[in-house]
Amino acid sequence: SAVISQKPSRDICQRGTSLTIQCQVDSQVTMMFWYRQQPGQSLTLIATANQGSEATYESGFVIDKFPISRPNLTFSTLTVSNMSPEDSSIYLCSVGLGSGVETQYFGPGTRLLVL
Amino acid sequence: TQLLEQSPQFLSIQEGENLTVYCNSSSVFSSLQWYRQEPGEGPVLLVTVVTGGEVKKLKRLTFQFGDARKDSSLHITAAQPGDTGLYLCAGGRSNFGNEKLTFGTGTRLTIIP
């Protein structure tokens, strides 16, 4: 498994501003992912963070709104840009260990409230 | 489109009772994961099953992957208050090393002491 930390753990932001969420892993991992979990709901994949290249976004998510960086094999950031109240969610990063099986391990999440 | 449907969506039972949560899809998955998420935390992996018909036991929890690898179930025996949480199944489709997961709709379980 892997130990994953996220910062900040929670934040309250004003609409129109941007927030960058950090995800740090205690070991080098092949795959890193970002998810959104809206209140009371399941997880929706935003994008796969690729080391050394642009992230791969899922349908309905675009780079201008959710820019992602992955400068190395242990760190990634997700920015939520030009926020609106609809962006209020839990944002989770996860890692896959590249073992050929799709098991992922999750960070504790960042709870975002946009006013 | 949600590819994995879980049932029931909500379940509230007394401590000591047994329960089963179902995860169903029309699609075939190469693996199936079950996670439990408690308030304020990220999902925690419970089990991964990869073979059709596979059964895994984790103390009072029994997981089964369907023969056709389209469905799964989670059975809890003698439920305890510590079992309370959001249970999520997630299916994987390995595609040239892209290990994406599709998550189920979730089952919110409450065990009443």
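All values reported here derive from a predicted model rather than from experimental measurement.

### Here we look at the state of the cysteines
What makes a disulfide is a covalent bond joining the sulfur atoms belonging to two cysteines.
(1) Moving on: Tallied over the full model, the rule gives two disulfides over all chains.
(2) Moving on: The disulfide bridge from Cys23(A) ends at Cys93(A), spanning 1.9 Å between sulfur atoms. Residues Cys23(A) and Cys93(A) share a disulfide whose torsion about the S-S bond is about 70°; that sign makes it right-handed. One end of the pair, Cys23(A), is in strand β3 (residues 19–25); the other, Cys93(A), is in strand β9 (residues 89–96), with 70 residues separating them in the sequence.
(3) Moving on: Between Cys23(B) and Cys89(B) runs a disulfide, and the two sulfur atoms are separated by 2.1 Å. Its torsion about the S-S bond being 75°, the disulfide of Cys23(B) and Cys89(B) is classed as right-handed. With Cys23(B) in strand β3 (residues 19–24) and Cys89(B) in strand β9 (residues 85–92), this pair connects stretches of sequence that are 66 residues apart.
(4) Moving on: The exposure class of Cys23(B) is buried, given its relative accessible area of 0%.
(5) Moving on: According to the relative accessible area criterion, Cys89(B) is buried, its value standing at 0%.
(6) Moving on: Lacking any disulfide linkage, Cys13(A) is separated from the closest cysteine sulfur, that of Cys93(A), by 17 Å.

### Observations concerning the packing of aromatic side chains
(1) Moving on: Per the stated rule, a full pass over the model turns up seven aromatic pairs over all chains.
(2) Moving on: Ring geometry for Tyr35(A) against Phe106(A): centres 5.4 Å apart, planes inclined by 50°, an arrangement best described as tilted. Linking Tyr35(A) in strand β4 (residues 31–37) with Phe106(A) in strand β10 (residues 104–106), this pair joins segments that are 71 residues apart in sequence.
(3) Moving on: By relative accessible area, Tyr35(A) is classed as buried at 0%.
(4) Moving on: Residue classification places Phe106(A) among the buried positions, given a relative accessible area of 11%.
(5) Moving on: One aromatic cluster is present, built from ring pairs that chain together Tyr35(A), Phe106(A), Tyr35(B) and Phe103(B).

### Let's talk about the environment of Lys70(B)
Residue and element names in this part refer to chain B.
(1) Moving on: In this fold, Lys 70 is placed in the loop between β7 (61–65) and β8 (71–76).
(2) Moving on: Taking C-alpha positions, Lys 70 is 5.3 Å from Ser 25, a pair spaced 45 residues apart along the chain.
(3) Moving on: Not counting residues up to four positions away in its chain, the partners in contact with Lys 70 are Cys 23, Asn 24, Ser 25, Ser 26, Ser 27 and Val 28.

### Structural notes on the sheet that holds β3(A)
Two modes of strand pairing occur in sheets, parallel and antiparallel, and in both the strands are linked by backbone hydrogen bonds.
All names here are of chain A.
(1) Moving on: Read from one edge to the other, the open sheet built from four strands follows the order β1-β3-β8-β7, with strand pairing classed as antiparallel. The strands lining the two open edges of the sheet, one partner per strand, are β1 (4–7) and β7 (68–72). For this sheet, the mean inter-axis angle between neighbouring strands, taken without regard to orientation, is 15°.
(2) Moving on: Where β7 and strand β8 (residues 75–80) come together, three bridges link them in antiparallel fashion. In the strand pairing of β8, Asn 72 is matched with Phe 75.

Thresholds, definitions, all that
- Residues numbered from 1 in each chain as written.
- Chains lettered and ligands numbered in written order.
- Predicted model: local features only at pLDDT ≥ 70, side-chain atom pairs only at ≥ 80, totals over all residues.
- Heavy atoms only, no water.
- Disulfide = S-S within 2.5 Å.
- Helix = DSSP H or I, 4+ residues; strand = E, 2+ residues; numbered from the N terminus.
- Buried < 20%, exposed > 50% of the residue type's maximum accessible area, 1.4 Å probe, protein only.
- Phe/Tyr/Trp six-rings, centres within 6.5 Å; stacked < 30°, edge-to-face > 60°.
- Contact = heavy atoms within 4.5 Å.
- Pairing = 2+ DSSP bridges.
- Axes fitted to C-alpha atoms, helices over the stretch in contact; angles between N-to-C directions.

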